[in-house]
Amino acid sequence: MKLKLYIKSIISLFMVALLIACDNSPQTITLAGKTMGTTYHVKYLDNGKQTKEQVHQALEQLLKDVNAKMSTYIPNSELSLFNKNPNTEAPIAISTDLATVIAEAIRLNQITDGALDVTVGPIVNLWGFGPEKRVEKKPTAAQIAERKAWVGIEKLALTQQDQQYFLQKAVPQLYVDLSSIAKGFGVDKLANYLGEIGVTDYLVEIGGEIRAKGKNAEGKYWQIAIEKPTLDGSRSVSQIIGLKDFAMATSGDYRNYFEENGQRFSHEIDPQTGAPIQHNLASITVLAEQSMTADGLSTGLYVLGAEKALALAEQYNLPVYLIVKTAQGFEHKMSSAFEKLLNTK
């Protein structure tokens, strides 16, 4: 009898220990909200250092700060004030965050042969894809020519003196639109904060721009689906990839456009022509260490089209995944760097 009681006691202690171990396993915390005209989602494995509410409040404040600096929809944002200032004689002091994003945009402009140009805003607005009202018909050649004279990354000068950054425009009408890169920067801000509080496993997403680190609760790399474009608005998956400490961004023309006389006009504007792109690249997905970089590259490479984008991806060893429209439907292509990551277990 004593032996049975002893065995029962051992089993009970084992079960208690097992329950405690289960209780101590990391829990997945999920947070969500609205920002930058879209939504954000954050998942991370709880390390017990901050409450869910504390983390959520901190993330909200970070996003509010990014918007206050880079939004073109907020009239008194730091970027809006620069855009409205016609002064070309003296540089204007700007924040480190704004300088960081503009510096990366200038760098990516060079990599994409000018296809990513954050000064293209006046033309984007003219076509109805910015803060100005939506249009139902395409602009005239004269309207496009007028605004092209305001556009060009060479008309924007970023300088630094000691710890202060300055921005200067060469023409009064210069207008900077960071919508092609600011969401990615927001993702990086949230991801960096999670890292600062000791979170080692997380997934951050804003409007489709993503950055992941570590693994999910199942011990797997965060599984991300690349959407397959469809003409009827339905959603399907083209490829699933486990993000291994990478950021990911996708650009395409199958969600944001308007039609006139049966012709579709994409929201992606070619800075060289001043018109929406016209090629058979439906979407491009880019992986990079920072979401800001992936965000900007996906826009610039998408503007270039499939052939040029793939050539630059090979030149710079960029992991990219392309979906191309053909007469038979859609087909995918990928750079050697993307294929290597896809085959890495």
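Treat the numbers as computed from the prediction; the structure is a model and nothing was measured.

Draft legend 1. Seen up close, the overall build of the protein chain. Across its full length, the protein chain holds 10 helices and 17 strands. Within the protein chain, buried positions represent 47% of all 345 residues. Sequence-distant contacts, at least 24 apart, represent 60% of the contacts inside the protein chain between residues at least 6 apart. A total accessible area of about 17600 Å² is found for the protein chain, and carbon and sulfur atoms account for 53% of it.

Draft legend 2. Just the sheet that holds strand 16 (residues 320-326), in detail. Strand order in the open sheet formed by 8 strands is 1-2-6-7-10-15-16-17, and the pairing between neighbours is antiparallel. Sheet topology places strand 1 (28-35) and strand 17 (329-334) at the edges, where each strand pairs with a single neighbour. Each neighbouring strand pair of the sheet contributes to a mean axis angle of 15°, computed without reference to strand direction. The sheet contact formed by strand 2 (residues 38-45) and strand 6 (residues 202-206) spans 5 bridges and is antiparallel. Each residue of the ladder has a partner; that of Y44, found in strand 6, is Y202. Contacting strand 1, strand 2 and strand 6, helix 2 (residues 52-70) runs over the sheet at an angle of about 30° to strand 1. In this fold helix 8 (residues 291-304) packs onto strand 7 (209-213), strand 10 (247-252), strand 15 (281-288) and strand 16, with an angle of close to 155° to the strand it touches most, strand 15.

Draft legend 3. The arrangement of unusual backbone geometry in detail. Its identity as a non-glycine residue notwithstanding, M36 has a phi of 50°, on the positive side. Relative to the helices and strands, M36 is located in the loop between strand 1 and strand 2. Taking relative accessible area as the criterion, M36 reaches 22% and is therefore assigned partly exposed. A positive phi angle, close to 60°, is found at D162, a residue other than glycine. When you line up the elements, D162 lands in the loop between strand 4 (156-161) and strand 5 (164-169). Assessed through its relative accessible area of 66%, D162 is described here as exposed.

Draft legend 4. Layout of the packing of helix 2 against helix 4 (residues 96-111). Contact geometry of helix 2 with helix 4 gives a least axis separation of 10 Å together with a crossing angle of 70°. Taken together, helix 2 and helix 4 sit at an angle that is classed as roughly perpendicular. For the crossing formed where helix 2 meets helix 4, the hand is right-handed. Facing D65, K69 and M70 of helix 2, the residues of helix 4 in contact are D97, L98 and V101. Residues that form the contact of helix 2 with helix 4 fall into these classes: 3 nonpolar, no polar and 3 charged.

Draft legend 5. Representation of the sheet that holds strand 3 (residues 92-94). Strands sit in the order 3-5-4 across an open sheet of 3 strands; the sheet is antiparallel. Each edge of the sheet is formed by a strand with only one pairing partner; in this case those strands are strand 3 and strand 4. Taking the axes of each pair of neighbouring strands and ignoring which way they run, one obtains an average angle of 35° across the sheet. By the bridge criterion, 6 bridges tie strand 4 to strand 5 in an arrangement that is antiparallel. When the sheet's bridge partners are listed, L156 is paired in strand 5 with K169. On the sheet, helix 4 packs against strand 3, strand 4 and strand 5 and is oriented at approximately 130° with respect to strand 4.

Draft legend 6. Molecular detail of the nonpolar core. Counting 43 residues, the largest nonpolar core has M70, L178, I284, L301, V320 and L322 as the members making the most contacts within it. Listed by contribution, the elements that provide at least two residues to this core are helix 2, helix 3 (78-84), helix 4, helix 7 (182-196), strand 15, helix 8, helix 9 (306-315) and strand 16. When residues no more than four places from it in sequence are discounted, the contact partners of L178 are M70, L79, L98, V101, I102 and V118. In terms of nonpolar packing, the next biggest core, distinct from the first, is built from 18 residues, V42, V55, L59 and I197 among them.

Draft legend 7. Just the UniProt feature "binding site: Mg(2+)" (unreviewed entry) in the protein chain, in detail. Using the residue numbers shown here, the UniProt feature "binding site: Mg(2+)" (unreviewed entry) corresponds to S180, D295 and T299. On the basis of their most widely separated C-alpha atoms, the annotated residues across 120 residues gather in one place, lying no more than 6.7 Å apart. You can call S180 buried: its relative accessible area is 13%. Once residues lying within four places of it in the same chain are set aside, the contact partners of S180 are L116, V118, D295, G296 and T299. Its place among the elements puts T299 in helix 8. With residues near it in sequence (within four places) discarded, T299 still touches L116, S180, S251 and E268.

Draft legend 8. Structural context of the packing of aromatic side chains. Applying the stated criterion across every chain yields a total of 1 aromatic pair. An angle of 40° between the planes, with centres 5.4 Å apart, marks the rings of Y321 and F338 as tilted. Taken together, the residues span a long stretch of sequence, with Y321 in strand 16 and F338 in helix 10 (residues 336-342) at a distance of 17 residues. You can call Y321 buried: its relative accessible area is 0%.

Draft legend 9. Up close: the confidence of the model for the protein chain. For the protein chain, mean pLDDT is 86; residues scoring 70 or higher make up 83% of the total. Confidence over residues 1-22 falls short of pLDDT 50; this stretch has 0 contacts with residues more than four positions distant or in other chains. Contacts from residues 255-264, a stretch scored under 50 in pLDDT, to residues over four places away or in other chains number 34 contacts.

Cut-offs and rules
- Residues numbered from 1 in each chain as written.
- Predicted model: local features only at pLDDT ≥ 70, side-chain atom pairs only at ≥ 80, totals over all residues.
- Heavy atoms only, no water.
- Helix = DSSP H or I, 4+ residues; strand = E, 2+ residues; numbered from the N terminus.
- Buried < 20%, exposed > 50% of the residue type's maximum accessible area, 1.4 Å probe, protein only.
- Contact = heavy atoms within 4.5 Å.
- Areas by Shrake-Rupley, 256 points an atom, 1.4 Å probe, with all protein chains shown as cover.
- Pairing = 2+ DSSP bridges.
- Axes fitted to C-alpha atoms, helices over the stretch in contact; angles between N-to-C directions.
- Parallel < 35°, antiparallel > 145°, perpendicular 65-115°, else oblique.
- Left-handed = near helix turned anticlockwise from the far one by under 90°.
- Nonpolar A, V, L, I, M, F, W, Y, C, P; charged D, E, K, R; others polar.
- Core = buried A, V, L, I, M, F, W, Y, C linked by side-chain atoms within 4.5 Å.
- UniProt positions renumbered as here; feature names shortened; annotations may be inferred.
- Phe/Tyr/Trp six-rings, centres within 6.5 Å; stacked < 30°, edge-to-face > 60°.
- pLDDT = per-residue confidence, 0-100.

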